[in-house]
Amino acid sequence: MATQLSTTPKRDAFRMPGEHEPQEQVWMAWPVREDNWREQGIPAQNEFVAVAKAIAQTTPVTFIVGPEHIKQARHAIPDHIRVLEIPSNDSWMRDIGATYVVNDKGLRRGVSWQFNAWGGELDGLYDNWELDNEVASHMADITEDACYHAPLILEGGSIHVDGEGTLYTTEECLLHPSRNPSLSKAQIEDLLKEYLNVSTIIWLKNGLYNDETNGHIDNILHVIRPGVVALTYCEDPSDPQYEISQQAYDVLQNSLDAQGRQLEIIKLPMPGPLFVQPEEAQSVQASEFMDRQAGERLAASYANFLITNQSVIVPLLDSSTDSQALAILQEAFVNHKVIGVPTRNILLGGGNIHCITQQVPQKISQS
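The sections below set out a description of the structure shown in this document. (Residues numbered from 1 in each chain as written. Predicted model: local features only at pLDDT ≥ 70, side-chain atom pairs only at ≥ 80, totals over all residues. Heavy atoms only, no water.)

For the rest of this paragraph, the subject is the overall build of the protein chain. Secondary structure assignment for the protein chain yields eleven helices and 17 strands. If you line up the protein chain on its principal axes, its C-alpha atoms span 55 × 50 × 45 Å. Buried positions account for 60% of the 367 residues belonging to the protein chain. The contacts of the protein chain with a sequence gap of at least 6 include a subset with a gap of at least 24, amounting to 76%. (Helix = DSSP H or I, 4+ residues; strand = E, 2+ residues; numbered from the N terminus. Buried < 20%, exposed > 50% of the residue type's maximum accessible area, 1.4 Å probe, protein only. Contact = heavy atoms within 4.5 Å.)

Next up, the structure:
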């Protein structure tokens, strides 16, 4: 297994790079939970593969799959995409995978957070997450990187960084009583600074409306590059998202990043609102933890995209707003190819493209 480090990234002069920095590979996990994915996961699996193929145009992709589904996955996943037999409880690689840090000598290490299925016994989305909690260490082992183990319950989707000292997050998630109730906001900030080597933390109050992750930052905001962020912006005052977006915009407008820059805020349109349709709820196994009932509002957002090398992989969610979102992002990423992928079934599972992926930054040599 990967070497466990007893120091911290900050002490060792490692930092979490921004998503816009060069990547070696992207990891994903195969969706099979029948209390989360309809029709035994097949519609979602098709979309996961489509996302992986889009990423693989510029970045190698690795899928992890449990032993009982390895044959099915290998048949469905193209040969140029690596498949490893590593079990997990579900398929949200952003939240269960390792977060990577690098230094200015080209070395790389992993960070393993503690995971409790977005809320543990208080409001977690399932009641056994033991396999998920082991994924980050497996991942660091495969990528041949030593690993820090942070004493903090945290999901990768709850943080965004710019690689230059700034971290974005939400109070709704990181200060939620189901995460780290014994820690104060200041103590959480200290741990984030220690394990990601950031100096400035910009807190939005809330994430996207009805987001069952307790408001992950990656479903409402994305760092385009240092000093520039994209924000899901609601134009309808009668929508509950309207006030959330206004408040987030005000916070960002009045914040300076770690380098003292005022932020450029790119407004992304909000799809929908979108809701679970009756036929989409029929074949999902009943669960006391996840609400997959017809009529449930979906936390749909174009901010939930992935930057990977020369590509930006964007969810297509609503024919009335998709082209506008793609045009805005293409203008923001002049040197990237913006690729839209239909992801309605991923959305039905509670997240989107950023949530199901975890990038591994490039390194020059072994750590």
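Back to the write-up after that little detour.
This next bit is on the packing of aromatic side chains. Here the structure, examined in full by the defined rule, presents seven aromatic pairs. Each ring, one from Tyr233 and one from Tyr249, has its centre 5.8 Å from the other, and the planes form 70 degrees; the classification is edge-to-face. Remark: Tyr249 occurs in helix H8 (residues 240-253) and Tyr233 occurs in strand S12 (residues 228-233); sequence separation between them is 16 residues. Note that Lys185 overlies the ring of Trp203, its terminal NZ or CZ placed 4.8 Å from the centroid. Above the ring of Tyr233, the side-chain terminus of Lys267 is found at 4.1 Å from the ring centroid. (Phe/Tyr/Trp six-rings, centres within 6.5 Å; stacked < 30°, edge-to-face > 60°. Lys NZ or Arg CZ within 6 Å of the ring centre and 35° of its normal.)

Looking now at the nonpolar core. One finds Met28 and Phe63 to be the most contacted residues of the largest nonpolar core, which totals 46 residues. Mapped onto this core, the elements with two or more residues apiece are strand S2 (23-29), helix H1 (42-55), strand S3 (61-65), strand S4 (82-85), helix H3 (93-96), helix H5 (130-142) and strand S16 (337-342). Here the element with the most residues in this core is H1; it accounts for seven residues. Beyond its immediate sequence surroundings of up to four residues, Met28 is in contact with Phe48, Val51, Ala52, Ile55, Val61, Thr62, Phe63, Ile64, Met93, Ile356 and Thr357. The next biggest cluster of nonpolar side chains, apart from the first, holds 25 residues, and it includes Val228, Leu274, Tyr302 and Ala303. (Core = buried A, V, L, I, M, F, W, Y, C linked by side-chain atoms within 4.5 Å.)

Reading across from one edge, S1-S7-S6-S5 is the order of the four strands in this open sheet, with mixed pairing throughout. Among the strands making up the open sheet, the edge pair consists of strand S1 (4-5) and strand S5 (99-102). Across two bridges, S1 lies against strand S7 (residues 147-153) in parallel orientation. Directly across from Leu5, in S7, lies its bridge partner Tyr148. Where H5 meets the sheet, its contacts fall on S5, strand S6 (108-114) and S7, and the angle it forms with S6 comes to roughly 170 degrees. Relative to S7, helix H7 (residues 185-196) is tilted by about 165 degrees, and along the sheet it contacts S5, S6 and S7. (Pairing = 2+ DSSP bridges. Axes fitted to C-alpha atoms, helices over the stretch in contact; angles between N-to-C directions.)

One open sheet holds the three strands; their spatial order is S11-S12-S13, and the pairing between them is mixed. Of all the strands in the sheet, the pair left with one neighbour each is strand S11 (221-225) and strand S13 (264-269). On average, each strand axis in the sheet is inclined to that of its neighbour by 30 degrees, with strand direction left out of account. Strands S11, S12 and S13 of the sheet are contacted by H8, whose axis makes an angle of about 165 degrees with S12. The strands touched by helix H10 (residues 322-332) are S11 and S13; relative to S13, the strand with the most contacts, the crossing angle is about 160 degrees.

Let us look at the side chain of Ser178. Secondary-structure assignment places Ser178 in the loop between helix H6 (171-174) and H7. In this structure the side chain of Ser178 is engaged in a polar contact, spanning 3.2 Å, whose partner is the side chain of Asp123. Of note is the side chain of Ser178, whose polar atom sits 2.8 Å from the side chain of His176. Ser178 has contacts with Asn116, Trp118, Gly119, Leu122, Asp123 and Asn214, leaving out every residue within four places of it along the chain. (Polar contact = N/O pair within 3.5 Å; in protein donor to acceptor, adjacent residues only side chain to side chain.)

Okay, the pairing of S3 next. Within S3, five of the five residues are buried, which leaves the element mostly enclosed by the surrounding structure. Burial along S3 is two-sided: Val61, Phe63 and Val65 and Thr62 and Ile64, pointing in opposite directions, are all buried. Each parallel crossover has a hand, and the one from S2 via H1 to S3 is right-handed. Taken together, the four bridges between S3 and S4 define a ladder with parallel strand orientation. (Right-handed = clockwise from strand over helix to strand, strands pointing away.)

Spanning 14 residues, H1 covers 20 Å between terminal C-alpha atoms, matching the ideal 20 Å at 1.5 Å per step. Within H1, ten of the 14 residues are buried, which leaves the element mostly enclosed by the surrounding structure. Of all the positions in H1, only Pro43, Ala44, Gln45, Glu47, Phe48, Val49, Val51, Ala52, Ala54 and Ile55 are classed as buried. (Expected span 1.5 Å × (residues − 1).)

This part covers the pattern of salt bridges. Side-chain pairs of opposite charge can arise whenever the charged atoms involved come near each other. Following the criterion strictly, the structure yields 15 salt bridges and no others. One salt bridge connects Asp145 with Lys363, and the closest N-O pair in it is separated by 3.1 Å. With a gap of 218 residues between them, Asp145 in the loop between H5 and S7 and Lys363 in the segment after strand S17 (358-361) connect regions that are remote in the sequence. Lys363 carries the same exposure label as Asp145, and that label is buried. A salt bridge links Glu171 to Lys185; the shortest N-O distance between them is 3.1 Å. Of this pair, Glu171 sits in helix H6 while Lys185 sits in helix H7, and the two are 14 residues apart along the sequence. (Salt bridge = Lys/Arg side-chain N within 4 Å of Asp/Glu carboxyl O.)

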